[in-house]
Every structure is written in structure tokens, then in C-alpha cells.
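Below, each chain spelled out in residue letters.
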Amino acid sequence: AGSGKVKAAAAGAERSSSGGKLPVAGEGTGGVVAPPLEKRRRLEEKDVRPGQTGLLQMGNTCFMNAVLQALSYTPSFRQYFLTADLSGLGNERLGQSGSKVPTVAPGPTTMARPAGQDGDQAGDAGEGGGQSPSLVSQELQGLFRMLWSGTSRSVSPEALVKSIWVFLPHFYGFQQHDAQEFLRFFLDRVQSELIAWKRGPEPSGSIVGETFRGVLLSEVRCIRCGKIRRKFDPFLDISISIPKKYAARQRGDSTSVPLVECLQNYVGSETIGDLEQYSCKSCLANDAATKTLTIDVTPAVLCIHVKRFRWPSRGKVTTHIDFPEVLDVGAFTKQCREIPYRLFGVVEHHGYGSYSGHYTAFCLSPLSEWLYFDDEKVYHSSLADAQAAQCYILFYKKVSA
């Protein structure tokens, strides 16, 4: 009954977005699909290996599927969920904000299962079963274990989706959502569950913090007295803008900009003055100041989000980002040394709007092979293909010394 409810909701969402016609798997709300894939070689059923499993669409869930594939290819994050014992995690029920709450309805979710397997089985409780859904972290573990079992060409993420609906209700239903917004909410939720379970004193006291947490240092210097005010801000990802001079003016423009230049535009120094004057607490002057932003603590995995959507028009900046295989972020810190990161994941957005289009992902396998994930379809790919993508989120792993 629980999964039947999901199917009914999915059918309703699909009818409303496609005029009574079921959408093709992999299709977004705007009817946009990935570019023609005839040139890519799709993985054969007999060639299924760990990590080469696709995720079925459940009605515009491509934003979720692309992010989950990228997270499953994040080495330390994946290894934790493949091996950790999370059986005791369910003893602590956490509300939407991370606070402990009593057992919640609706009925329990089921573990991720191969595509085509019926969810309405005896093990599924119906409405009013009196049981609560598993926490997001537990369902994520179940999904990762299916993705890396090497037994199925594709699996349904239904169990995880239902848990997300309960604990992250902003993503309830089958509307299109922003992939980076989902990544932030999802990681925050998993972190809150693990910290509450382990009772860690610091945000870095979980695999989320250990993997993605970095710290930005903001320094504001008063030009009158020279006093510097410092502020430290933790982050799980950074959002960079495309400089206006590189913004594509119309669809089809071949404008491109180096990722390093976008990062330089994000960090570095700027003058605060004119319309936004700085109030110095030391000399009490209201005058101009210089503001400098640097990365104070570099994370194990650096997630870079490209701000492609204009507001309030919700139009898209289609400028191509030239991103390298190896990125040195040392210049954006105060450490005066090379800090290399290697690319292993790219989430791409296809289309021209923030709430339409389609998301796919490129991931680098442990065997150093690039794969392309388009929901349930998985293809052999290459670094060149990944670098040609209209990237929306980039995943870089710090190169070990």
C-alpha cells in the first residue's frame, strides 16, 4: 500500500506535466533530455559491475539521481556507507530540523530493489501500520549497497525517496528541483542524523564533515585605521558566478571561461565603499574597507557549484566552463603551496531554465574509467566528454601527498 501510494502520486504528477501521457524515463519537466547518445556505448546487461547501476526515474527525479550517483562515487563517503553498521541509528528519531521526535507516520519504507521488482509485498506495511520510515542515512546505505553490488543494471530509489519526502518535505512530490539545492539539504540532513547518533560535538564529527567540510576566511580591513576583522565560515560546497563579461547573450553562443578565473572572481579582494560603507568598530569610522576571502581549511572533497540561473527571470547562463582534470587551489589559500585536486564527478544540467530541463552525471570509477549516468541508462564515457559538459556541480578530490 505504501509503494502503491507512491505510484499513484507519480502517475498524477506525470499526467499533470505531460498532458495525460506518461513521460519517457529520463525526461525532465521541460521535456529536455540529454543530447543524442548514439556516439556513446551503453553498458550491456551482461557487463554489470559494481557501481555501474542506473537509477530509475520516479517522475522528474533526475536532479536527485544525478547527485546520488556523484555521491556514490565519492570514495570515502561511499566506503563509509558500504561498511558502517547503522542498525542502531533508527533508535534515535530525528525531526525535520534534526531534533529528536517520536516515531512518525507514514508506514515503513522498503530497501532499494532491482528495477521491475514489485514494491507491494508482504513486507511492506500499509497506511496506519504504526511504523516509521527509516532515516535518510539508513536508506542511503541500502541504495549504495545495491548500486555497488554489481547485480542489477538499474534499481529503484523508491525507499530513499519516501524517506526524503518525510524528513525533507521541501522535495515532496514529483516536481523538478535544483540539484545543488538538493545536495545541500541532503548532506545537512545526513550529517544531522549521524551527529545526533554519535553525539559528536563538532559538525566535522561525521563522514559528511570529514569529507566535504571546509572553512572560508573573510577579512575586512578598515582603510582608516588598518584594523582587520576576521570571520570564519564553514562550507560543504562553494557557489561561483560566471563573470558578466563571459555571460552568453543568447542560446547557442560559444562563450567559455576558465574555472580558475571564476574562482579568482569568487575569492580575492574587493573594496567596500560608496553604496555600502563599512562601520569600523575600532575607530568608529564609516568609510571604505577592503574585503579578502580565502579558503582557510581545504576539504577532502571540494564541491563547486556554478551559478547558472538568473533571478527573477530563472533564465540560464549557458557559458561553457573550462575545468581541468587537476585543479590547484593553493592560490586561493594563504598556505603558499600547491594543493592539487583531481576531478571525479560532474553533474550536468541540460536545458534553459531553473525548474525545467534534465540532469545527468559523469563519474570516474575506481578503475579510472569515466561513466555517464542518465537515470537508469549507463554509458561508457571519457574525460573529454565530461569536460565538454555544461557543468552545474563539480566534484574534486584532494590528491594525497
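Preceding this paragraph is the structure being described.
Residues numbered from 1 in each chain as written. Predicted model: local features only at pLDDT ≥ 70, side-chain atom pairs only at ≥ 80, totals over all residues. Heavy atoms only, no water.

### So, the overall build of the protein
Of the regular secondary structure elements, the protein holds nine helices and 20 strands. Considering the protein as a whole, with its 401 residues, one finds that 53% of them fall into the buried category. For the protein, the proportion of contacts with a sequence separation of at least 24, taken over those separated by at least 6, is 72%. Entry remark: accessible area of the protein is about 18300 Å², with carbon and sulfur atoms responsible for 50%. (Helix = DSSP H or I, 4+ residues; strand = E, 2+ residues; numbered from the N terminus. Buried < 20%, exposed > 50% of the residue type's maximum accessible area, 1.4 Å probe, protein only. Contact = heavy atoms within 4.5 Å. Areas by Shrake-Rupley, 256 points an atom, 1.4 Å probe, with all protein chains shown as cover.)

### What to know about a positive patch on the surface
Together, Arg229, Lys231, Lys281 and Lys291 make up a region of like positive charge exposed at the surface. Relative to the assigned elements, Arg229 resides in strand E6 (residues 228-235). (Patch = residues over 30% accessible without salt bridge, like charges linked within 9 Å, V, L, I, M, F, W, Y side chains within 5 Å. Salt bridge = Lys/Arg side-chain N within 4 Å of Asp/Glu carboxyl O. Lys, Arg positive; Asp, Glu negative; His and termini not counted. Charge placed at Lys NZ, Arg CZ, Asp CG, Glu CD.)

### Examining the packing of helix H4 (residues 136-147) against helix H5 (residues 158-167)
The N-to-C vectors of H4 and H5 enclose an angle of 165°; their axes lie 9 Å apart at closest approach. Overall, the two elements H4 and H5 adopt an arrangement that is roughly antiparallel. For the pair H4 and H5, the crossing hand works out as left-handed. Contacts between H4 and H5 pair Val136, Glu139, Leu140 and Leu143 from the former with Ala159, Leu160, Ser163, Ile164 and Phe167 from the latter. Taken together, the residues that form the contact of H4 with H5 break down as seven nonpolar, one polar and one charged. (Axes fitted to C-alpha atoms, helices over the stretch in contact; angles between N-to-C directions. Parallel < 35°, antiparallel > 145°, perpendicular 65-115°, else oblique. Left-handed = near helix turned anticlockwise from the far one by under 90°. Nonpolar A, V, L, I, M, F, W, Y, C, P; charged D, E, K, R; others polar.)

### So, the packing of aromatic side chains
The geometry of an aromatic ring pair is captured by two quantities: the separation of the ring centres and the angle between the planes. Tallied over the entire structure, the rule returns 19 aromatic pairs. Aromatic side chains Phe362 and Tyr372 sit 4.6 Å apart centroid to centroid with 50° between the ring planes, which places their arrangement in the tilted category. Residue Phe362 is found in strand E17 (residues 358-364), and its partner Tyr372 is found in strand E18 (residues 370-374); the two are separated by 10 residues along the sequence. With respect to burial, Phe362 and Tyr372 carry one shared label: buried. (Phe/Tyr/Trp six-rings, centres within 6.5 Å; stacked < 30°, edge-to-face > 60°.)

### Quick look at the sheet that holds strand E9 (residues 268-272)
Strand order in this open sheet of four strands is E6-E5-E12-E9, and the pairing throughout is antiparallel. A strand with exactly one partner marks an edge of an open sheet, and here the two such strands are E6 and E9. Geometrically, the sheet is characterised by an average inter-axis angle of 25° between neighbouring strands, direction not taken into account. Where strand E5 (residues 214-222) and strand E12 (residues 289-297) come together, eight bridges link them in antiparallel fashion. Within E12, the residue paired with Ser218 across the bridge is Leu293. (Pairing = 2+ DSSP bridges.)

### A short note on helix H3 (residues 75-83)
What H3 keeps buried is the set Phe77, Arg78 and Phe81. In a view along the axis of H3, the buried residues occupy a sector of 95°, so they form one face of it. Of the surrounding elements, those touching the buried residues of H3 are helix H2 (62-72), H4, helix H6 (179-198) and helix H7 (207-212). (Arc of directions from axis to C-beta.)

### Quick notes on helix H8 (residues 259-266)
Those residues of H8 not exposed but buried are Leu259, Cys262 and Leu263. Axial view of H8: buried residues confined to an arc of 100°, hence all on one face. Close packing links the buried residues of H8 with strand E7 (238-241), strand E8 (256-258), strand E13 (301-307), strand E14 (320-322), strand E15 (326-328) and strand E20 (391-398). One or two positions beyond H8, positive phi appears at Gly268, with a value near 85°.

### Some words on the packing of H2 against H6
It is the contact of H2 with H6, at a shortest axis distance of 9 Å, that shows an interaxial angle of 55°. By the angle between their directions, the pair H2 and H6 is classed as oblique. Of the two possible hands of crossing, H2 and H6 adopt the one that is right-handed. Packed against H2, whose contacting residues are Phe63, Met64, Val67, Leu68 and Leu71, the element H6 presents Ala179, Phe182, Leu183, Phe186 and Leu187 at the interface.

### Remarks on the environment of Gln79
Considering the arrangement of structural elements, one finds Gln79 in helix H3. With a relative accessible area of 43%, Gln79 lands in the partly exposed category. Taking C-alpha positions, Gln79 is 9.9 Å from Arg145, a pair spaced 66 residues apart along the chain.

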